[in-house]
Amino acid sequence: MTQFPSSARLWFIQTRYQFFTFTRSKVGMFFTLGLPTVMLVLFNALFGGGTVDTPGGSWSVQQFYTGGLAAFTAVSATYTNLVNVVPIRRDEGILKRWRSTPVPLGVYLGGWITSALLVAVCGVVLQLTIGVTFYDLTIDLAKVPAMMVTFAVGVTAFAMLGLAFAGVVPDADSAPAAANATILPLAFVSDVFIPLDNPPRWLEVIGDVFPLKPFVNAFQDTLNPTVTGSGFNANALIYVALWGVFGAIVARRTFTWEPSTGGRSRSRRRRRSR
Amino acid sequence: MSTVEVHGLVKDYGDHRAVDSISFTIAAGEVYGLLGHNGAGKSTTVEILEGHRHRTAGEVRVLGMDPAHAGREFRDRIGIVLQSSAVERELTVRESLNVYGSCYCAPRPVAEVIEMVGLTEKADARIGSLSGGQRRRLDLALGIIGDPEVLFLDEPTTGFDPVARRQSWELVERLCADGMTVLLTTHYLDEAEHLADRVGVLVGGRLVTEGTPAELMAMSPLTTITFTLPPATSAATLHLPSTAVVDGASVQIETERPTQVLADVTGAAAALGLELDSLTVRRPSLEDVFLALGGEASP
């Protein structure tokens with residue numbers, strides 16, 4: 001009996017195909033890589049040379065923005081991307097088509113997530129390169145391990161959360177709105193676009209409860225000269241990781257291959273009637 | 001043992017019984033057509049056999065396996081051409097066949113499949129740029145890339161123009177010649193007649209009859225003859241049978257003896273030097289077969 005190709009090989013093929021599919025989508029490329037770059041250039045043009053005050057002390061604006069926007073790019077490449085694209089592929093029947101093949105679910109989604117992580121790596125490297133080249137960004141080599149670990153924890157957690165939320169987005173039409181309505185307002189209270197100085201208490205609480213601000217802050221810490229030592233923000237990382245675990249559990253329950261029209265609502269009705 | 005065995009299959013959606021205890025078998029290498037209107041339960045039945053949907057009751061075996069609990073090995077041996085399903089528009093035809101084919105134990109060579117479905121010239125075109133008919137051919141290509149033993153074709157030509165339908169039939173026939181077992185759903189009687197060895201007719205979730213296309217057609221023996229009555233002629237001058245329905249100038253005759261009736265009528269017309277405009281002879285349509293079987297006409 002002929003053997004199935006190994007999971008590693010299938011994983012590689014899936015990752016490559018997902019990566020090609022993403023990089024050939026102009027809309028995805030613009031929102032994931034283009035927009036944060038535009039913002040980085042704009043913010044530096046508008047506020048460059050200034051300083052930011054955080055509890056640890058005063059530090060330069062370019063360190064703050066590059067860290068914040070790099071982290072935001074990583075979230076765009078994973079969370080926003082998956083919330084956008086999973087419901088579209090589900091409604092178009094692409095997921096169902098994959099369900100018809102012998103590819104294991106874990107390998108299919110694994111390849112997709114790996115591709116999203118690769119896009120995130122590209123985005124972060126792009127932001128940091130622009131920062132170093134044009135805006136005197138200083139990267140402390142001693143904090144690079146912390147930066148990499150923080151990045152890895154963050155993108156994995158946000159990929160899981162994206163998958164989880166994609167499962168409850170009702171259809172393809174509402175996907176872009178759902179993705180942006182959740183992440184953009186949150187970004188404003190999560191130190192991405194503006195450092196919050198004495199915000200209203202409730203905005204601060206919202207920022208602290210959701211995982212974006214802890215991730216952004218942990219990533220900024222690795223670029224913040226007032227933070228001494230290795231730059232690891234263990235509490236924030238554990239908190240983000242817990243959100244990621246929560247996302248994975250929810251994703252397992254909400255993920256479906258079936259389009260939302262017809263089949264899915266029918267099977268939902270069936271489940272309820274049992 | 002048959003390749004596909006269905007016994008007492010039932011599927012309920014809430015209070016609605018979409019499939020009502022149907023049974024049929026498909027032998028290895030046979031092309032079986034499930035014929036019926038929209039909502040007759042064709043797609044539900046096929047999706048249960050594909051493993052996409054769970055059944056309410058009954059026994060189902062495909063290649064000796066229960067699709068409801070079958071996994072990767074099962075999906076490796078079947079091919080599915082879904083009714084409406086996109087492919088990633090950003091990929092090219094060749095890339096999509098490569099990546100989909102990569103999941104199977106022993107896929108067919110990509111170039112061979114592209115050639116088979118006639119997409120050689122479009123092999124490196126993005127799927128987003130293909131026409132509707134070309135995409136449907138890609139659907140077929142993706143259905144057979146894994147070299148399946150059983151192929152499910154869910155309404156393969158719905159929405160096609162007549163030329164595209166012909167081409168797609170030829171393609172399916174070529175595939176069937178390889179000895180693949182095929183389950184085809186359609187609401188075109190001529191499609192079933194052309195492609196299927198045996199046909200099951202679904203009406204309201206029940207399998208009301210089964211047989212070869214010829215046997216089915218024989219169930220409604222009436223052939224319909226229509227034409228326009230020439231000016232200044234009457235039913236009597238043309239020797240119209242008593243069953244003829246004359247509505248203004250248009251005449252419709254339903255008969256079990258079309259040869260005789262045609263000879264009488266055209267003979268009378270020719271003797272008078274008259275031409276019968278819009279003369280048509282129509283064999284039983286799906287509609288007629290359905291009506292003969294007690295089904296309801298389509299809306």
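Residues numbered from 1 in each chain as written. Chains lettered and ligands numbered in written order. Predicted model: local features only at pLDDT ≥ 70, side-chain atom pairs only at ≥ 80, totals over all residues. Heavy atoms only, no water.

1. A word on the overall build of chain A
No. 1: Looking only at helices and strands, chain A features 11 helices and 2 strands.
No. 2: Helices (α) and strands (β) of chain A occur, in sequence order from the N terminus, as α-α-β-β-α-α-α-α-α-α-α-α-α.
No. 3: For chain A, the C-alpha radius of gyration of 20 Å lies close to 19 Å, the compact-globule estimate for 274 residues.
No. 4: Overall, the C-alpha framework of chain A stretches about 60 × 45 × 35 Å when taken along its three principal axes.
No. 5: For chain A, the residues scored as buried account for 51% of the 274 residues in total.
No. 6: In chain A, the proportion of contacts linking residues at least 24 apart, taken out of those at least 6 apart, comes to 81%.
No. 7: Carbon together with sulfur atoms contributes 66% to the accessible area of chain A, which is approximately 12500 Å² in total.
No. 8: Of note, chain A has its 22 positive side-chain charges centred 21 Å away from the centre of its 13 negative side-chain charges. (Helix = DSSP H or I, 4+ residues; strand = E, 2+ residues; numbered from the N terminus. Rg over C-alpha atoms; globule rule 2.2 N^0.38 Å. Buried < 20%, exposed > 50% of the residue type's maximum accessible area, 1.4 Å probe, protein only. Contact = heavy atoms within 4.5 Å. Areas by Shrake-Rupley, 256 points an atom, 1.4 Å probe, with all protein chains shown as cover. Lys, Arg positive; Asp, Glu negative; His and termini not counted. Charge placed at Lys NZ, Arg CZ, Asp CG, Glu CD.)

2. Observations regarding the state of the cysteines
No. 1: Applying the stated criterion across every chain, the model contains 0 disulfides over all chains.
No. 2: Looking at the unpaired Cys105(B), the closest cysteine sulfur is the one in Cys103(B), lying at 11 Å. (Disulfide = S-S within 2.5 Å.)

3. Re a nonpolar patch on the surface
All names here are of chain A.
No. 1: The grouping of Trp202, Val205, Ile206, Val209, Phe210 and Tyr239 at the surface amounts to a nonpolar patch, some 520 Å² of accessible area in total.
No. 2: When residues of the nonpolar patch are assigned to their parent elements, the largest contribution, 4 residues, is made by helix α8 (residues 201-209).
No. 3: Checked against the element boundaries, Val209 lands in helix α8. (Patch = residues over 30% accessible without salt bridge, like charges linked within 9 Å, V, L, I, M, F, W, Y side chains within 5 Å. Salt bridge = Lys/Arg side-chain N within 4 Å of Asp/Glu carboxyl O.)

4. Details of the packing of helix α3 (residues 61-91) of chain A against helix α6 (residues 144-168) of chain A
Two quantities define a packed helix pair, namely the angle between the axes and the distance from one axis to the other.
Residues and elements named next belong to chain A.
No. 1: At a closest axis distance of 8 Å, the pairing of α3 and α6 adopts a crossing angle of 25°. In terms of orientation, α3 lies roughly parallel with respect to α6. In the packing of α3 onto α6, the handedness of the crossing is right-handed. Here Ala74, Val75, Thr78, Tyr79, Leu82, Val83, Val86, Pro87 and Arg90 of α3 lie close against α6, whose contacting residues are Phe151, Val155, Phe158, Ala159, Leu161, Gly162, Leu163, Phe165, Ala166 and Gly167.
No. 2: Its residues assigned to classes, the contact of α3 with α6 comprises 15 nonpolar, 3 polar and 1 charged. (Axes fitted to C-alpha atoms, helices over the stretch in contact; angles between N-to-C directions. Parallel < 35°, antiparallel > 145°, perpendicular 65-115°, else oblique. Left-handed = near helix turned anticlockwise from the far one by under 90°. Nonpolar A, V, L, I, M, F, W, Y, C, P; charged D, E, K, R; others polar.)

5. Let's talk about α3(A)
All names here are of chain A.
No. 1: A rise of 1.5 Å per residue sets the reference length of α3, with its 31 residues, at 45 Å; its end C-alpha atoms lie 43 Å apart and thus fit the reference within 8%.
No. 2: Of all the 31 residues making up α3, 28 are buried; the element is thus mostly covered by neighbouring parts of the structure.
No. 3: Looking one or two places after α3, you find Gly93, whose phi comes out positive at around 85°. (Expected span 1.5 Å × (residues − 1).)

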